[in-house]
Amino acid sequence: MNETPIQAPEAEQVKPMSFSDKLVGVFSSPTEVFDNVRQTPPTSSNWVIPTLILVVVGVIMAYLITSNPTLSDQMKRMASEQMEKGLTKQLAAGKITQEQANQARDQMSGFGATGTLIFTYASAVLGPFFALFLGGLVFWLLGKGAMKATSPYMKVVEVVGLTFFIATLESIVTTILAIGMNTMFASPSLALLISDFSIENKMHLLAASVNVFTFWTLGVTSIGLSRLFQKDLPKVLVLVFALWILWTLFKVFVLTALR
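Residues numbered from 1 in each chain as written. Predicted model: local features only at pLDDT ≥ 70, side-chain atom pairs only at ≥ 80, totals over all residues. Heavy atoms only, no water.

Draft legend 1. Representation of the side chain of Glu 158. Mapped onto the elements of the fold, Glu 158 is located in helix α6 (residues 153–162). Ignoring any residue separated from it by four or fewer positions in sequence, one finds Glu 158 in contact with Val 37, Pro 42, Thr 43, Asn 46 and Trp 47. (Helix = DSSP H or I, 4+ residues; strand = E, 2+ residues; numbered from the N terminus. Contact = heavy atoms within 4.5 Å.)

Draft legend 2. View of a nonpolar patch on the surface. On the surface, Met 203, Ile 245, Trp 247, Leu 249, Phe 250, Phe 253, Val 254 and Leu 255 cluster together into a nonpolar patch covering about 700 Å² of accessible area. When residues of the nonpolar patch are assigned to their parent elements, the largest contribution, seven residues, is made by helix α10 (residues 233–258). Checked against the element boundaries, Phe 250 lands in helix α10. Judged by relative accessible area, which is 37%, Phe 250 ranks as partly exposed. (Patch = residues over 30% accessible without salt bridge, like charges linked within 9 Å, V, L, I, M, F, W, Y side chains within 5 Å. Areas by Shrake-Rupley, 256 points an atom, 1.4 Å probe, with all protein chains shown as cover. Salt bridge = Lys/Arg side-chain N within 4 Å of Asp/Glu carboxyl O. Buried < 20%, exposed > 50% of the residue type's maximum accessible area, 1.4 Å probe, protein only.)

Draft legend 3. Focus on unusual backbone geometry. Located in the positive-phi region is Asn 182, a residue other than glycine, with phi close to 60°. Within the secondary structure, Asn 182 is located in the loop between α7 (164–181) and α8 (202–209). Asn 182 sits in the partly exposed class, given a relative accessible area of 41%. Backbone geometry at Gln 230 places phi at a positive 60°, although glycine is not the residue there.

Draft legend 4. Inspection of the environment of Lys 251 at higher detail. As for its position among the elements, Lys 251 is in helix α10. On the accessibility criterion, Lys 251 (34% relative accessible area) is partly exposed. Considering only alpha carbons, one finds Lys 251 and Lys 202, 49 residues apart in sequence, at a separation of 9.9 Å. In this structure, Lys 251 is in contact with Ser 209 and Thr 256, ignoring residues within four places of it in sequence.

Draft legend 5. Expanded view of the nonpolar core. Formed by 31 residues in total, the largest nonpolar core has its most connected members in Val 26, Phe 34, Phe 139, Leu 162, Leu 225, Phe 229 and Val 240. Contributions of two or more residues to this core are made by α2 (30–39), α3 (45–66), α5 (98–146), α6, α7, α9 (212–229) and α10. Ranked by residue count, the leading element in this core is α9, at seven residues. Leaving out residues up to four positions away in the same chain, Leu 225 has contacts with Phe 139, Val 156, Val 159, Gln 230, Val 236 and Val 240. Formed by five residues, the second largest nonpolar core is a distinct cluster that contains Ala 191, Phe 197, Ile 199 and Leu 205. (Core = buried A, V, L, I, M, F, W, Y, C linked by side-chain atoms within 4.5 Å.)

Draft legend 6. Just the packing of α7 against α9, in detail. Between α7 and α9, the shortest axis-to-axis distance is 10 Å and the interhelical angle comes to 175°. As judged from the angle between their axes, α7 and α9 are roughly antiparallel. The segment α7 lies against α9, with Ile 166, Leu 169, Glu 170 and Val 173 engaging Phe 213, Trp 216, Thr 217 and Val 220. For the contact of α7 with α9, a count of residues per class yields six nonpolar, one polar and one charged. (Axes fitted to C-alpha atoms, helices over the stretch in contact; angles between N-to-C directions. Parallel < 35°, antiparallel > 145°, perpendicular 65-115°, else oblique. Nonpolar A, V, L, I, M, F, W, Y, C, P; charged D, E, K, R; others polar.)

See below:
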């Protein structure tokens, strides 16, 4: 008589953490949160909810900034200076005539305030989604290429999305600093040590990049990727910070030269 083989019990399926546990965990125990992300099926709320929270808070912070007369005037003045700089370059290169430059100034003078508002709110709404999916793509390619990781792209997006809880706190702190110090260049960075901050000064821009929330986010992102990819944290940290350094140098020394 043949015996029926005894089947081993299936491993208990890991249950996704609650939203509140993830929110608290990103700040207090990110390793636990990202282990749960790796062990559970794709969960869109891991990126949808943090991104929407960041958008809502960003819009509120944008309203507070644009409603402040001092900060609003600074934004308009900076936009005007950048426009004038662009026109001067085009005039020097012979791409436009003086008459065309004057017409552009007249058109922009009427559109300046509205344009600044549109750009500010559009950045608050679209910026987080751009950062989410582009950042997810960059980190997914990093894992696939440098670490031979096989994690799905959307799982990496979940990791990036959960770090937006930190970005939301940064948005609030930065707005408080800007309003309290009456300057739109205030931020939790080395820029606080510069009294006459200028976006034309590359050293000032580098100082503004040394931001405590940036380092916090990079650290938590590295933890998330190391748990997701199952790779040593020091290696992931080095790669993530190397990417940040390259992007910062490109942004400061290349993109600013194109303005």
